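This is what each chain is made of:
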Amino acid sequence: MISFDVKNVALPALDFSEVGKWLGEVAAAHDRRVGNVNYLFCDDEEILRVNREFLHHDYYTDIITFDYSRRDKIGGDIFLSLETVKSNSEEIGDSYEKELLRVIAHGVLHLCGIDDKGPGEREIMENHENEALALWQEMKSRK
């Protein structure tokens, strides 16, 4: 089950029923099934607090993923700063919705075992994000 909640921000204008189905398909594409995945959309100050308290990092970020997956069943808590997503979308020249969907997929991809910190891993993650966004577009066109 995928849940979406907020802290200090309004819930983004997305069809979360469709987002949940999409994330299930993203997980399935990586031979995973969805367990309990909890998204918390928040502001920069909340994600900074989480980053400091749990990871001992003193900087803002767009997403923090806590992975509780077991074998092929993904689970975790995903904190996502809508403020950073918005500023990143402006910086790279993509729409807010596209950047938000990319970051939402990014969290599930981490739960599927894809990393982005080591040499060459960022490019691998970006490829998987692009595949997930293409799957979103395909789902929308099926409607």
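From a predicted model like this one, the values you see are computed outputs, not experimental measurements.

1. Examining the packing of helix H1 (residues 16–29) against helix H5 (residues 121–142)
Working step 1: Orientation of H1 relative to H5, taken along the N-to-C sense of each, is 130°, at an axis distance of 10 Å. Taken together, H1 and H5 sit at an angle that is classed as oblique. Relative to H5, H1 is oriented so that their crossing is right-handed. Of H5, the residues touching H1 (which contributes Glu-18, Val-19, Lys-21, Trp-22, Glu-25 and Val-26) are Ala-132, Leu-133, Leu-135, Trp-136, Met-139 and Arg-142.
Working step 2: Of the residues that constitute the contact of H1 with H5, the class distribution is 8 nonpolar, no polar and 4 charged.

2. So, the environment of Cys-42
Working step 1: Relative to the elements of secondary structure, Cys-42 occurs in strand S2 (residues 33–42).
Working step 2: Residue class for Cys-42 comes out buried when judged on its relative accessible area of 0%.
Working step 3: Here the alpha-carbon distance between Cys-42 and Ser-95, two residues 53 residues apart in the chain, equals 19 Å.
Working step 4: Sequence-distant contacts of Cys-42, defined by excluding residues within four places in its chain, comprise Lys-7, Val-9, Ile-47, Leu-80, Ser-81, Leu-82 and Glu-83.

3. Considerations on the side chain of Glu-99
Working step 1: Within the secondary structure, Glu-99 sits in helix H4 (residues 96–111).
Working step 2: Residues in contact with Glu-99, not counting those within four places in the same chain, are Val-85, Asn-88, Ser-89 and Ile-92.

4. A few points about H4
Structural remark: α-helix, 3.6 residues per turn; residues separated by three or four positions point the same way.
Working step 1: Across its 16 residues, H4 extends 23 Å between first and last C-alpha, which sits within 8% of the 22 Å expected from 1.5 Å per residue.
Working step 2: Positive backbone phi, at 100°, marks Gly-113, one or two positions downstream of H4.

5. Thoughts on the layout of surface pockets
Working step 1: Computed from the structure, the largest pocket encloses a volume of approximately 420 Å³.
Working step 2: Every residue lining the largest pocket is counted, 18 residues in all, and those nearest its centre are Ile-63, Ile-64, His-110, Asp-116 and Lys-117.
Working step 3: For the lining of the largest pocket, the secondary-structure elements that each account for two or more residues are helix H2 (44–55), strand S3 (63–67) and H4.

6. Quick look at the pairing of strand S1 (residues 2–7)
Put simply, side chains in a regular strand alternate between the two faces of the sheet.
Working step 1: In this sheet, S2 lies alongside S1 in parallel orientation, the contact comprising 6 bridges. Paired with Ser-3 across the bridge in S2 is Asn-38.
Working step 2: Traced from S1 through H1 to S2, the parallel crossover comes out left-handed.

What counts and what doesn't
- Residues numbered from 1 in each chain as written.
- Predicted model: local features only at pLDDT ≥ 70, side-chain atom pairs only at ≥ 80, totals over all residues.
- Heavy atoms only, no water.
- Axes fitted to C-alpha atoms, helices over the stretch in contact; angles between N-to-C directions.
- Helix = DSSP H or I, 4+ residues; strand = E, 2+ residues; numbered from the N terminus.
- Parallel < 35°, antiparallel > 145°, perpendicular 65-115°, else oblique.
- Left-handed = near helix turned anticlockwise from the far one by under 90°.
- Contact = heavy atoms within 4.5 Å.
- Nonpolar A, V, L, I, M, F, W, Y, C, P; charged D, E, K, R; others polar.
- Buried < 20%, exposed > 50% of the residue type's maximum accessible area, 1.4 Å probe, protein only.
- Expected span 1.5 Å × (residues − 1).
- 1 Å grid on protein atoms, 1.4 Å probe; cavity = no way out; pocket = protein on both sides within 12 Å on 5 of 7 lines; lining within 4 Å.
- Points joined across faces, edges and corners; volume = space filled by probe spheres on them.
- Pairing = 2+ DSSP bridges.
- Right-handed = clockwise from strand over helix to strand, strands pointing away.

The quantities given are spatial measurements derived from coordinates; they are silent on function.
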